[in-house]
Amino acid sequence: MSRIPEETIQQVIAATDIVALVGRSVKLRKAGTNYLGLCPFHNERSPSFNVSPSRGTYHCFGCGAGGTAIRFVMEHDGMSFIEAVKRLADAAGIRIVEEVWDANAEAEAKQRALLLRANREAAEWFHLLLMKHQLAAPARDYLKARGINAEMAKRWQMGYAPENKGLYREWAMQQKLSEQALVEAGIFSVADQDENGRGGRAYPRWRHRLMFPIRNDNGDVIAFSGRLLEKKENTGKYVNSPETPVFSKSRVLFGFDKSKRFIAKADQAIICEGQIDMIMVFEAGLQNVVAGQGTAFTEHHAKMLKRVCNEVILCYDSDNAGREATEKAFRILSPQGISVRVAALPQGEDPDSLIRKDGADALRSIITDAPEFLEHQIRHLRASAKSESTVERVRMAEQVASAISVFSGVAQRITAVNKVAKLLEISEEQLNAMVKRAANDTKNSASQRRGSDSSVNVVDDAKKLLASQNKTAVLLCQMALSDAEVLHWLRESGCEDMLREVPGTELLSLLAHSRYNPTDETSQPAFMAGLDRHQEAAFTQLQAHTRPPGGLHEARQALYALEIVRLQSLIQRAQSKLRQPGLSVPQMEQLQQEVVELSAMRKECLDRAKASPDSPNP
């Protein structure tokens, strides 16, 4: 396998006159330093399609289409990334020499390709059996009883795993898949191996089960979940694929390949417990939904969702296990800056049963009215409380304080304390003390192991924190601490991605998400009260330093500099992924395209950062 070097891609973009390229399809007129015309990607009467020769990019302010010359050829002519690069290279007279991996990388790539093919072929075979074979009649009857018709089964490529081992082997021979390949893909298991893993007999992992393909973000089948069709003692209801080179269950969310664009559009994700729940919710019209893989919710799952949304609604069963899973998920999601709400399903119901019993609108109503996690927790505690006495309310507050301590943002904590104090009718000071105790409890054991006194080391910890901060972020933080205009602009600037992804912006993030107001002396104590001691000491040190010169323009330049750091980091991350073995051609094309687009964004940001103080604000 091979790929086009990034240097060649950049050379192609630099050699392409984007105005001439676009001008062959779009009638353009000069507008200042740019060119304007009617967008070729949507119908419009007033021109909103802008081409920038200096940046080598195009953008439509009507439909949002935009990118480099490569993206234009891809979208306008329906080409793949590689095809578009080669066409532009030919036009520019640039010779493309594709890079070839070394032998080890090639071997790993071939293994991954083989495992993906084995899973893909198995998914197609299982689906064909479900739809056509008489052996799959029980599976079809089961689906019918669950309200799943043939069209839904096709959309999700559900399948049937036969009982007969001979059918598996006949299929494997037809597809020229070796027994070893099926074992490595997790489709076969091996029994009776010796202590050194040798010998043993291979047999199908799933027999007489309803099959759900599990896909990665690109839609490739990487694993399966097989549901039992008939009750059997000592047999799990679901059997999932084992960990393989292409599948890690802690890093995959079921249905994410279908739902991620709906999640991004809604800025919200609904999380269910199982595959059928997820499918039924999606088919009911709530398409911003995913499900786990039968394991505990993981930090990687939270990071996946944070890339596309800021809110999650947990839609787990209402039993004790569901409540425990809800709290664990909250404690993983909240530190990522994700707001968590809880859909309170009726006792004994799951999303699937509720939809079949009361219809999709019943679930939609519950989702819409889902309370925030803390409010949900208080409702549950009140329902099990013996009374509404002061003692009971304090007991409930201590339990809720533990959840509040999970919040990473200062503003989140302040808001949560204010709300919970009102709901439980206790003072904010009292609840704040409980939250701080809960937060410190998680640190005490580590502090004891270090054998250090926190009151002695707080100044040193503050100095270490300041030393770890990005210098540009510190300058911007100092400006915002003393200039209300700068602070207000910062909060309105849409810098969430930068604050989340650039190391050393923790103090700036705390300030941006707080209620601090430089013109209101009473806001400072409230801001400081919600901080850890070393954070408070760090801000105190910053305020003691001389404020850096400049105003809003200098603050804007500083933010551009931080955004350039973020984009460069993303470019390097994508380039690093490109060097990994085992990438499919679509994955390579997607990563190369990502590098090109990020580079264009970085160039645009550099241009803005170089703007003079007298230039109009971008």
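(A) Region of the structure containing the overall build of the protein chain. From N to C terminus, the protein chain includes 28 helices and 17 strands. Within the span of the protein chain, comprising 618 residues, buried residues form 47% of the whole. When contacts within the protein chain are restricted to residue pairs at least 6 apart in sequence, those whose partners lie at least 24 apart make up 65%. As displayed, the protein chain has an accessible area near 30,900 Å², and 49% of this comes from carbon and sulfur atoms.

(B) Expanded view of helix α6 (residues 137-145). For α6, the set of buried residues is A139, Y142 and L143. Buried residues in α6, looked at end-on, bunch into an arc of 95°, giving them a common side. Exposed and oriented more than 90 degrees from the buried face of α6 are D141, K144 and A145. Phi turns positive one or two residues past the end of α6, at G147, with a value near 80°.

(C) Focus on the sheet that holds strand β16 (residues 311-314). The four strands lie next to each other as β15-β14-β16-β17, forming an open sheet whose pairing is parallel. Lying at the two open borders of the sheet, with one neighbouring strand each, are β15 (289-291) and β17 (339-342). Within this sheet the neighbouring strands show an average axis-to-axis angle of 30°, counted without direction. The pairing of strand β14 (residues 268-272) with β15 spans three bridges and is classified as parallel. Across the sheet, the residue bridging to I270 is V289, located in β15.

(D) The arrangement of the sheet that holds strand β11 (residues 209-215) in detail. If you walk across this open sheet you meet the four strands as β8-β11-β12-β13, and the pairing is antiparallel. Either end of the sheet is taken by a strand with one partner, and the two such strands are β8 (159-161) and β13 (238-240). Averaged over all pairs of adjacent strands, the angle between their axes in this sheet comes to 35°, without regard to strand direction. Pairing geometry for β11 and strand β12 (residues 221-228), over seven bridges, is antiparallel. Looking across to β12, one finds that R215 is bridged to V221.

(E) Summary view of the state of the cysteines. With the rule as written, the count across this model stands at zero disulfides. Between C272, a cysteine without a disulfide, and C315, which holds the nearest cysteine sulfur, the sulfur-to-sulfur distance is 4.7 Å. Taking relative accessible area as the criterion, C272 reaches 1% and is therefore assigned buried.

(F) Structural detail: the nonpolar core. Grouped together as the largest cluster of nonpolar side chains are 65 residues, with contacts concentrated most on M158, I187 and L363. In terms of residues, this core owes the most to one element, helix α5 (residues 103-132), which gives nine residues. Once residues within four sequence positions are removed from consideration, M158 is found in contact with H127, L130, L143, I148, M152, A153, M211, F212, P213 and I279.

(G) Highlighting the pattern of salt bridges. Inspection of the entire model under this criterion finds 17 salt bridges. In this structure, E75 and R71 form a salt bridge, with 2.5 Å as the shortest nitrogen-oxygen distance. Here R71 and E75 lie together in helix α3 (residues 69-77), a separation of four residues that amounts to about one turn. Judged by relative accessible area, E75 falls into the partly exposed class, the value being 43%. The class of R71 is buried, set by a relative accessible area of 16%.

(H) Geometry of the packing of aromatic side chains. Counted by the stated rule, this structure contains 17 aromatic pairs. An angle of 35° between the planes, with centres 5.6 Å apart, marks the rings of W125 and F126 as tilted. We classify F126 as buried; its relative accessible area is 1%. Aromatic rings pair up to connect W125, F126, Y168, W171, F188, W206 and F224 into one cluster. Over the aromatic face of W156 sits the side chain of K258, whose NZ or CZ is 5.1 Å from the ring centroid.

About the thresholds
- Residues numbered from 1 in each chain as written.
- Predicted model: local features only at pLDDT ≥ 70, side-chain atom pairs only at ≥ 80, totals over all residues.
- Heavy atoms only, no water.
- Helix = DSSP H or I, 4+ residues; strand = E, 2+ residues; numbered from the N terminus.
- Buried < 20%, exposed > 50% of the residue type's maximum accessible area, 1.4 Å probe, protein only.
- Contact = heavy atoms within 4.5 Å.
- Areas by Shrake-Rupley, 256 points an atom, 1.4 Å probe, with all protein chains shown as cover.
- Arc of directions from axis to C-beta.
- Pairing = 2+ DSSP bridges.
- Axes fitted to C-alpha atoms, helices over the stretch in contact; angles between N-to-C directions.
- Disulfide = S-S within 2.5 Å.
- Core = buried A, V, L, I, M, F, W, Y, C linked by side-chain atoms within 4.5 Å.
- Salt bridge = Lys/Arg side-chain N within 4 Å of Asp/Glu carboxyl O.
- Phe/Tyr/Trp six-rings, centres within 6.5 Å; stacked < 30°, edge-to-face > 60°.
- Lys NZ or Arg CZ within 6 Å of the ring centre and 35° of its normal.

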